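# Coordinate inspection notes
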Amino acid sequence: MPPRVTRIYSWNVNGLRACAGKGFLDWLENAKADVVGLQETRVTVEQLTDDLRAPKRLHTHFVSAEKLGYSGVALYAKRPFDRVTASLGVPEFDAEGRVQIATLGALTIANAYFPNGNGKERDNSRVPFKMAFTQRLFDTLEPLRVNGGRVIVMGDFNTAPQAIDLARPKTNLKTSGFLPEEREQLSQILASGWVDAFRHGNPDGEHYTWWSQRFGVREKNVGWRIDLAFVSEGVMPFLRSARIHPDVMGSDHCPISLELDSAVLE
């Protein structure tokens, strides 16, 4: 018999309640996912209906920002996590509700909503905050990775790693999400031993995960690949596939997924 597969999804839902009104629960039931990580939920647990807070046969964990209607991450899983941490030990980061680091057997999953570098004036003033958050998260996970640990960092990275990862690279060189310093940071992370799971098996372009909500943009596939899964070397022997699901609607982002040999948990 072939090995059982563990399916892990990541999706920026751009408001969980809004996405729920566009079929999220139907998608969740049909995805056959073992783990689903959501970003930009923009909700507190108290604001959720029972079917979103605790779907049948699923275990859940929610993190919200101190600021109402902002940021937030969530996890849904078929089996309970052994442990979930929602802190990077830096109050400025933790206040924004951007990360969950969950342990499931031998596997560690970091579900993260990385900051956007744009300030209120669209001035890239949040880029230093974004890069500090990114560095802190990967520094936190580095001891696990170095020791051969099985680690996945997934979510909305808010950065396209390479020119191949957005439809219009030349016109976005000064846009947060494609700034040289943002891309260089991801390049250094990958050079240290992490693997961009989707790009590892898909070298061609025109695969995107986010599209502007302007009319016709998604239909023309003028997008960015900013929803990513970086996996440690310890995960690679178990990786079966990494996919993008552009046909799934309900948000300006689409889900991404990994399929792993379930022995990764053992």
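Reading guide: rules and limits
- Residues numbered from 1 in each chain as written.
- Predicted model: local features only at pLDDT ≥ 70, side-chain atom pairs only at ≥ 80, totals over all residues.
- Heavy atoms only, no water.
- Helix = DSSP H or I, 4+ residues; strand = E, 2+ residues; numbered from the N terminus.
- Buried < 20%, exposed > 50% of the residue type's maximum accessible area, 1.4 Å probe, protein only.
- Polar contact = N/O pair within 3.5 Å; in protein donor to acceptor, adjacent residues only side chain to side chain.
- Contact = heavy atoms within 4.5 Å.
- Pairing = 2+ DSSP bridges.
- Axes fitted to C-alpha atoms, helices over the stretch in contact; angles between N-to-C directions.
- 1 Å grid on protein atoms, 1.4 Å probe; cavity = no way out; pocket = protein on both sides within 12 Å on 5 of 7 lines; lining within 4 Å.
- Points joined across faces, edges and corners; volume = space filled by probe spheres on them.
- Nonpolar A, V, L, I, M, F, W, Y, C, P; charged D, E, K, R; others polar.
- Salt bridge = Lys/Arg side-chain N within 4 Å of Asp/Glu carboxyl O.

Attention now moves to the side chain of N14. Tracing the backbone shows N14 in the loop between β1 (5–12) and α1 (16–20). According to the relative accessible area criterion, N14 is buried, its value standing at 18%. Of note is the side chain of N14, whose polar atom sits 3.3 Å from the side chain of D252. Setting aside its immediate chain neighbours within four residues, N14 contacts Q39, E40, R42, Q213, S251 and D252.

Sheet strands line up and pair through hydrogen bonds in the backbone, either parallel or antiparallel. In spatial order, the strands read β3-β4-β2-β1-β14-β13; together these 6 strands make up an open sheet with mixed pairing. Looking along the sheet, the strands with just one partner apiece sit at the ends: β3 (59–63) and β13 (239–244). For this sheet the average axis-to-axis angle between neighbouring strands, irrespective of direction, equals 10°. Direction of pairing for β3 relative to strand β4 (residues 73–77): antiparallel, over a ladder of 5 bridges.

Let us now look at empty space enclosed by the protein. Inspection of every chain in the model, using the stated rule, returns 3 cavities of 30 Å³ or more. Approximately 90 Å³ is the volume found for the largest cavity. Forming the boundary of the largest cavity are 16 residues, of which A229, R243, I256, S257 and L258 lie nearest the centre. Of all the secondary-structure elements, those providing two or more residues to the lining of the largest cavity are β1, β12 (227–231), β13 and β14 (256–261). Across the lining of the largest cavity, the residue classes tally to 10 nonpolar, 2 polar and 4 charged.

On to the environment of D34, then. Its location among the elements puts D34 in the loop between α2 (24–30) and β2 (35–39). On the basis of relative accessible area, D34 is assigned to the buried category, the value being 12%. Distance from D34 to R53, taken between C-alpha atoms, is 17 Å for residues 19 residues apart in sequence. Contacts of D34, omitting those with residues within four sequence positions, involve R4, V5, T6, R7, Y76, A77 and K78.

Scanning all chains against the criterion turns up 13 salt bridges. With a closest N to O distance of 2.5 Å, D50 and R53 form a salt bridge. Highlighted residues: D50 and R53, both in helix α3 (residues 50–53), separated by 3 residues, approximately one helical turn. We classify D50 as exposed; its relative accessible area is 58%. R225 is the salt-bridge partner of D196, the closest N and O atoms lying 2.7 Å from each other. With a gap of 29 residues between them, D196 in strand β9 (residues 195–196) and R225 in the loop between β11 (223–224) and β12 connect regions that are remote in the sequence. Taken individually, D196 and R225 each receive the classification buried, so the pair is uniform in this respect. Through salt bridges with shared partners, one network takes in D165, D196, R199 and R225.

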